[in-house]
Amino acid sequence: MEKSRFVGIAILAALLCALPCSGADVHPITKRRIAGVMGPGGADWLVRPERQEEEHPDEALDALKIAKGATVADIGAGVGYFTWRLSERVGPAGVVYGEDIQQAMLDQLVRNMKARKITNVRPVLGGIDDPRLPNSSVDLILLVDVYHEFSEPVKMVDRMREALRPGGRLVLLEYRAEDPNVPIRPEHKMTLKQVRAEIEPQGLVFVESIETLPQQHIIVFRRP
Ligand SMILES: C[S@@+](CC[C@H](N)C(=O)[O-])C[C@H]1O[C@@H](n2cnc3c(N)ncnc32)[C@H](O)[C@@H]1O
């Protein structure tokens, strides 16, 4: 897609934040500025048709080889752009938790699942420091364009690790901050180094960074 159009969309996205996007807080380890939370005004942007071309969502999920019957969680699911794809991947014997901290996002997520006649998605209203998932119950937790918005990243990672089964995976999709040509505001992008520096001390083991998407890292960790 044309760069000028993408820049326009990125600026619009920044304007749609629910909370001030000044990034007043920083991560305690890397001192990375934490981004503001995207508000429900950003819902249309999350399902824009160009997103397919920009982010290759199905290719991202192919890379994760999700098993039928798995229990997965889409944390910061927004209106469910990845949730309905996860629902298909795990099939009727699987479960998808669609979690977000904003009820308005979850309301749209539920409407989107009903419209698709999806029955294996459980909406969860989380807290800013707790995704409220059952302990040791989830095979894969997916965070798409979300981690950099966590205002309590350390507590969130602790709770997510506890929610994973031993051997379960935590996966982050983040726009590459190493690439100056990715036209996204700095606090909405992350380097692989930053992600590893923040997540590894919290008891999760780095597995790999898959670099097949046009603009995002797919960073995989595992609970030992
Ligand atoms: C940019 S949107 C991405 C939505 C979705 N993952 C997608 O790719 O379409 C970020 C979402 O993360 C949510 N969020 C921010 N902080 C969160 C937290 N601590 N726990 C769960 N969700 C959070 C926001 O409410 C928002 O819906």
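What counts, and where the lines are drawn
Residues numbered from 1 in each chain as written. Predicted model: local features only at pLDDT ≥ 70, side-chain atom pairs only at ≥ 80, totals over all residues. Helix = DSSP H or I, 4+ residues; strand = E, 2+ residues; numbered from the N terminus. Buried ≥ 20, exposed ≤ 12 C-beta atoms within 10 Å, placed from the backbone. Contact = placed C-beta atoms within 7 Å. Arc of directions from axis to C-beta. Pairing = 2+ DSSP bridges.

Visitor: So, the environment of Ala 93: which residues are in play, and what are the values?
Guide: For Ala 93, the position within the fold is in the loop between α5 (83–90) and β2 (95–100). Looking at Ala 93, the number of C-beta atoms within 10 Å reads 10, which means it is exposed. Counting along the chain gives 22 residues from Ala 93 to Thr 71, while the straight-line C-alpha distance between them is 9.1 Å. Setting aside residues up to four positions removed in sequence, Ala 93 forms contacts with Lys 68 and Gly 69.

Visitor: Any details on helix α8 (residues 192–199)? Residues and values, ideally.
Guide: Every buried residue belonging to α8 is among Val 195, Glu 198 and Ile 199, and all of these are buried. Each buried residue of α8 lies within a common arc of 85 degrees when the element is viewed along its axis, so the set occupies one face. Lining the buried residues of α8 we find α7 (153–163), β5 (164–176), β6 (189–190) and β8 (216–222).

Visitor: Outline α5, listing residues and values.
Guide: Owing to its 3.6 residues per turn, the α-helix brings residues three or four apart onto one side. When you tally the buried positions in α5, you get 6 out of 8 residues, the bulk of the element. Here α5 has its buried residues at Thr 83, Trp 84, Leu 86, Ser 87, Arg 89 and Val 90. Lining the buried residues of α5 we find α4 (57–64), β1 (71–75), β2, α6 (103–115), β3 (121–125) and β4 (138–144). Phi turns positive, to about 75 degrees, at Gly 91, one or two residues after α5.

Visitor: Quick rundown of the pairing of β4? Include the residues and the values.
Guide: Of all 7 residues in β4, 6 are buried, a share of seventy percent or more. Where β1 meets β4, 3 bridges bridge the pair, whose relative direction is parallel. Bridged to Ala 73 within β4 is Ile 141. Where β4 lies against β5, 6 bridges are found, and the strand directions are parallel. Counted as the bridge partner of Val 144 is Leu 173 from β5.

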